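Examination of the molecular architecture
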Amino acid sequence: LEVPTHTPGAGLVYQTWIQLRRQSLLTIRDPTLYVGRMVMFVLATCFFAVIYIKARERDQNQVTPRMFLCMWFLGAPTSMGVIAVYALNQEFYEIKRELKNGFYHPISYLLSNTVVQLPYMVLLALATIGVSGYGIGNFQPSAFPKILILFTI
């Protein structure tokens, strides 16, 4: 009876599946990282949409205020990314330690994290432009898919 000296590790697909389940469970158990930002995105962008309420009119003299409104829609939520720095910093050190100990391959973490975060990024984009841009700001409805992709990326 021979005892194997080396046991093969889990494959990349299995590692990715385990990481996907883990990341999904973590975001479901503690959604504050995303839900808190969504609430703040809605409040901040609605605030600016109300300030630039006259930019709703599609008139030549409202081009500049409408452009400023679009810049606020991009700038205000982006600067709120600072909220996530602490939580993501803690995650970085945990992942760094786990990778150093050989728990899984970095590619499996990147793939699973991307799959979990992509729906949240779409929700964050909807929170940014939904009520404020299309409800208050009178954005062009036919451009919604393009704008949603732009804000998601």
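Keep in mind it's a predicted model, so treat the numbers as computed, not measured.

Parameters at a glance
- Residues numbered from 1 in each chain as written.
- Predicted model: local features only at pLDDT ≥ 70, side-chain atom pairs only at ≥ 80, totals over all residues.
- Heavy atoms only, no water.
- Core = buried A, V, L, I, M, F, W, Y, C linked by side-chain atoms within 4.5 Å.
- Buried < 20%, exposed > 50% of the residue type's maximum accessible area, 1.4 Å probe, protein only.
- Contact = heavy atoms within 4.5 Å.
- Salt bridge = Lys/Arg side-chain N within 4 Å of Asp/Glu carboxyl O.
- Helix = DSSP H or I, 4+ residues; strand = E, 2+ residues; numbered from the N terminus.
- Patch = residues over 30% accessible without salt bridge, like charges linked within 9 Å, V, L, I, M, F, W, Y side chains within 5 Å.
- Areas by Shrake-Rupley, 256 points an atom, 1.4 Å probe, with all protein chains shown as cover.
- Arc of directions from axis to C-beta.

This brings us to the nonpolar core. By size, the foremost hydrophobic cluster in this structure holds 24 residues, and its most contacted members are Tyr34, Met38, Leu69 and Phe73. If sequence neighbours within four positions are ignored, Phe73 has contacts with Thr45, Ala49, Thr128, Ser132, Gly133, Phe139 and Phe151.

Scanning the model with the defined rule gives one salt bridge in all. The partner of Glu98 in a salt bridge is Arg22, and the shortest N-O contact between them spans 2.9 Å. Of this pair, Glu98 sits in helix α4 (residues 85-100) while Arg22 is found in helix α1 (residues 12-29), placing the two residues 76 residues apart along the sequence. Of the residues examined, Arg22 reaches a relative accessible area of 26% and is grouped as partly exposed.

Even without being glycine, Asn138 reaches a positive phi, approximately 60°. Looking at where Asn138 falls in the secondary structure, it is placed in the loop between α5 (106-136) and α6 (144-152). Looking at Asn138, the relative accessible area reads 28%, which means it is partly exposed.

The subject of this paragraph is a nonpolar patch on the surface. On the surface, a nonpolar cluster with roughly 440 Å² of combined accessible area is contributed by Val35, Val39, Met40, Leu43 and Ile83. Along the chain, Met40 turns up in helix α2 (residues 32-51).

The set of residues buried in α6 consists of Leu148, Phe151 and Thr152. Across the axial projection of α6, the buried residues extend over an arc of 100°, all falling on one side. The exposed residues of α6 that point more than 90 degrees off its buried face are Lys146, Ile149 and Leu150. Summarising the contacts, the buried residues of α6 are in contact with α3 (63-79) and α5.

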